[in-house]
Structure formats: C-alpha cells, structure tokens
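Structure assessment
The lines below spell out each chain.
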Amino acid sequence: MNGFLAIVLICANGIAVQDCEEATATDVFKTKVANEIGCASGWQEIIARSEVRAGIGQTAYLKTQCKRIRQSG
C-alpha cells in the first residue's frame, strides 16, 4: 500500500521560500497521511498544539511538502 508523508517546515522570515528545506528549517514536523489532500490539511492541528505556533506569521512562516512513500506489505 502506498501513502504520503506530509512534511511541515518552519523557516525564519529571513530565509527565502525557495531555500526553505529540511536543512534550513528551524523545525520540521512529519506525519504519514493517506493521500495528497492529507498533506494540505493534516498539519494544522500539529502546529496548533506545538510551542512554535506563537512565532508563525511574525518571525517565521510555514512551508508544506508532500512526498509519496511506499509501504511494505
């Protein structure tokens, strides 16, 4: 069965969007989701419950990525 990995990157405002990646992000959150729609909608709760939420929009921004993963079985 295949699935997707939703990756949420939190990058400082000083980092250009095209340069925001796992190596340059201040925080990285990952979660498995069933489909591509889950990549776009599943991360809000993760961020809302985290301590980093206070800086979003002030000193940092979010960038999401979606990667296809193959699950063995």
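In what follows, the accompanying structure is described. (Residues numbered from 1 in each chain as written. Predicted model: local features only at pLDDT ≥ 70, side-chain atom pairs only at ≥ 80, totals over all residues. Heavy atoms only, no water.)

1. What to know about the environment of Leu9
- Mapped onto the secondary structure, Leu9 falls in strand E1 (residues 2–12).
- In sequence terms Leu9 and Ala34 are 25 residues apart; their C-alpha atoms lie 20 Å from each other. (Helix = DSSP H or I, 4+ residues; strand = E, 2+ residues; numbered from the N terminus.)

2. What to know about the pattern of salt bridges
- The full count for this structure, using the stated rule, is one salt bridge.
- Among the salt bridges present, the one from Lys30 reaches Glu22, with a minimum N-O distance of 3.1 Å.
- What makes Lys30 partly exposed here is its relative accessible area of 46%. (Salt bridge = Lys/Arg side-chain N within 4 Å of Asp/Glu carboxyl O. Buried < 20%, exposed > 50% of the residue type's maximum accessible area, 1.4 Å probe, protein only.)

3. A look at the nonpolar core
- Core analysis: the largest hydrophobic core is formed by seven residues, namely Leu5, Ile7, Leu9, Cys11, Cys20, Ala25 and Tyr61.
- In terms of residues, this core owes the most to one element, E1, which gives four residues.
- Membership of the second largest hydrophobic core comes to five residues, among which are Val8, Ile10, Trp43 and Ala60. (Core = buried A, V, L, I, M, F, W, Y, C linked by side-chain atoms within 4.5 Å.)

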